[in-house]
Amino acid sequence: MRIEAEHINYTYNPGTEFAVQALKDISLTIEEGEFFGVVGHTGSGKSTFIQHLNGLILQPSAQKKYRPKKPKKGAPVPPPSVLKVGGFDLLNKKTDFRALRSKVGMVFQYPEVQLFAETVFDDVAFGLKNFAKEPLKPEAIEEAVRSALETVGLDYAEVKDKSPFDLSGGQKRRVAIAGVIVTRPEVLVLDEPAAGLDPLGKKELMALLHRLHADWCKTVVFVSHDMDEVAENCSRVAVFADGQIKYVLTPRALFSKFDELDALGLELPAAAKIARLLHEEGIDIESDFTPDDFAEKAAAYLSARLGQTEKTEKGEGGEA
Ligand code: ADP
Ligand code: MG
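The structure displayed is predicted, hence computed values, not measured ones.

*Asks:* Can you break down the pattern of salt bridges residue by residue, with the values?
*Replies:* Across all of its chains, the model carries 15 salt bridges by this definition. Taking the shortest distance from any N to any O, the salt bridge between R146 and E150 comes out at 3.9 Å. Of this pair, R146 and E150 are both found in helix α4 (residues 138-151), four residues apart, which corresponds to roughly one turn of the helix. Judged by relative accessible area, R146 falls into the partly exposed class, the value being 29%. Counted as one network, the salt bridges with shared partners bring together D259, D262, R276 and E280.

Put into structure tokens, the structure is as follows:
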């Protein structure tokens, strides 16, 4: 399912003194198959945007009470908005949003705070029963819950009857994610899924997302504030700032924009920080800013330089 947004605006508490325009003319297309990153400052509109993707936040025209207004004479006509996920038109209140939600899974920030059931099994099964069109057989539920828990790296027999509240923080997060992937959504949207995890937990979480992506989840969209995570994992990245999208680029192209990212107050991945220092010394090393690729390119650069020095010093070639 392709995600397509054009000229999307969103205001919280419209028409009141608390009105906040969180999205300002957002246009973005995410192709099926992408592993897509969303970055930007706190308050830049990331969560508001991604919560549109499964209809958790509805545009006014998609709300039940919506009645189209007659355009005022002489007023400028705004450009037409589009918000589609696959065949679902998210601007139309007749859209089957429940069907949409079974295809677009949403993992909130700190999803573990929403665990509620008495057992891990019941928590994970809840999402499944909730979306099923007709009652599922107990064996089918058990199989899906087992598969979801195993996918997130938990031992089914060990955790299924436990209270979610007796698990560690990292395990709770996995249970919460299992409760979303249990329906095998085609699109998985995650709001800072690795926030608060230790470095190993973050790596495992990204590995899990890649595994889902390789196995059956066609498109992954995730918010992150960790630029190394973004450089290492994403096909493309959208940069939000003040309710707008400033860039949509590959990590390689984005993180070469040292000064532009500075101006937005965004960090660089570690490799890009080094690349920037070297650039200021007149040394340009092209890489995709992942540690491995950067180290390889830097080593190649150094050995080429050393080879040259050795040649001039000893009159022979250095090691390649
Ligand atoms: P981000 O996820 O990038 O931190 P958000 O989408 O959460 O940004 O917020 C965008 C803007 O909308 C901010 O100014 C924020 O204060 C405001 N906002 C977010 N949620 C609400 C809400 N429920 N009610 C009112 N304003 C909100
Ligand atoms: Mg947010």
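So, next bit.
*Asks:* Could you give an account of the sheet that holds strand β1 (residues 3-12), with specific residues and numbers?
*Replies:* The sheet built from four strands is open, its strands ordered β2-β1-β4-β5 with antiparallel pairing. Sheet topology places β2 (20-30) and β5 (88-89) at the edges, where each strand pairs with a single neighbour. Alignment of β1 against strand β4 (residues 82-85), held across four bridges, turns out to be antiparallel. By the bridge assignment, E6 is partnered in β4 with V82.

*Asks:* With reference to specific residues and values, describe the pairing of strand β7 (residues 187-191).
*Replies:* Of all five residues that make up β7, five are buried, and the element is covered over most of its length. Burial of β7 is two-sided: the residues V187, V189 and D191 facing one way and the residues L188 and L190 facing the other way are all buried. The sheet contact formed by strand β6 (residues 104-107) and β7 spans four bridges and is parallel. For V104, the partnering residue across the bridge sits in β7 and is V187. Sheet topology note: the β7/strand β8 (residues 219-223) ladder contains five bridges and is parallel. When the sheet's bridge partners are listed, D191 is paired in β8 with V223. In this view, the connection linking β7 to its parallel neighbour β8 by way of helix α7 (residues 199-215) has right-handed handedness.

*Asks:* An account of the packing of α4 against helix α6 (residues 169-181) is requested, with residue identities and associated values reported.
*Replies:* Two numbers describe how α4 lies on α6: the axes approach to 9 Å, and their chain directions differ by 135°. Taken together, the axes of α4 and α6 are oblique relative to one another. Crossing hand, α4 versus α6: right-handed. Residues A148, L149 and T151 of α4 form the contact with α6, whose participating residues are V175, A178 and I181. Partitioning the contact of α4 with α6 into residue classes produces five nonpolar, one polar and no charged.

Parameters and conventions
- As a convention, each chain's residues are numbered from 1 in the sequence order in which they are written.
- Working convention: letters from A go to chains and numbers from 1 go to ligands, in the order in which they are written.
- The predicted nature of this model means local features are confined to residues of pLDDT at least 70 and side-chain atom pairs, given and counted, to a pLDDT of 80 or more, with totals for whole chains, interfaces and linings taken over all residues.
- Excluding hydrogens and water, the side-chain figures rest on all heavy atoms present in the structure.
- The term salt bridge refers to a pairing of a side-chain nitrogen on Lys or Arg with a carboxyl oxygen on Asp or Glu at a separation within 4 Å.
- Under the DSSP-based scheme used, a helix requires at least four consecutive residues in state H or I and a strand at least two consecutive residues in state E, with every element numbered from the N terminus.
- For the exposure calls, accessible area comes from a 1.4 Å probe over protein chains only, and a residue counts as buried if that area is under 20% of its type's maximum, exposed if over 50%, partly exposed in between.
- When DSSP finds two or more bridges between a pair of strands, those strands are recorded as paired.
- For crossovers, right-handed means that the path from the first strand over the helix to the second runs clockwise, given strands pointing away from the viewer.
- Here, axes are lines fitted to C-alpha atoms. For helices the fit covers the stretch in contact, and angles between N-to-C directions go from 0 to 180 degrees.
- Reported orientations rely on four angle classes, namely roughly parallel under 35 degrees, roughly antiparallel over 145, roughly perpendicular from 65 to 115, and oblique for the rest.
- For any helix crossing, the convention is left-handed if the near helix is rotated counterclockwise from the far helix by under a right angle, and right-handed if that rotation is clockwise.
- In what follows, residue pairs with any heavy atoms lying within 4.5 Å of each other are defined as contacts.
- Under the scheme applied, nonpolar residues are Ala, Val, Leu, Ile, Met, Phe, Trp, Tyr, Cys and Pro; charged residues are Asp, Glu, Lys and Arg; polar residues are all the others, including Gly.

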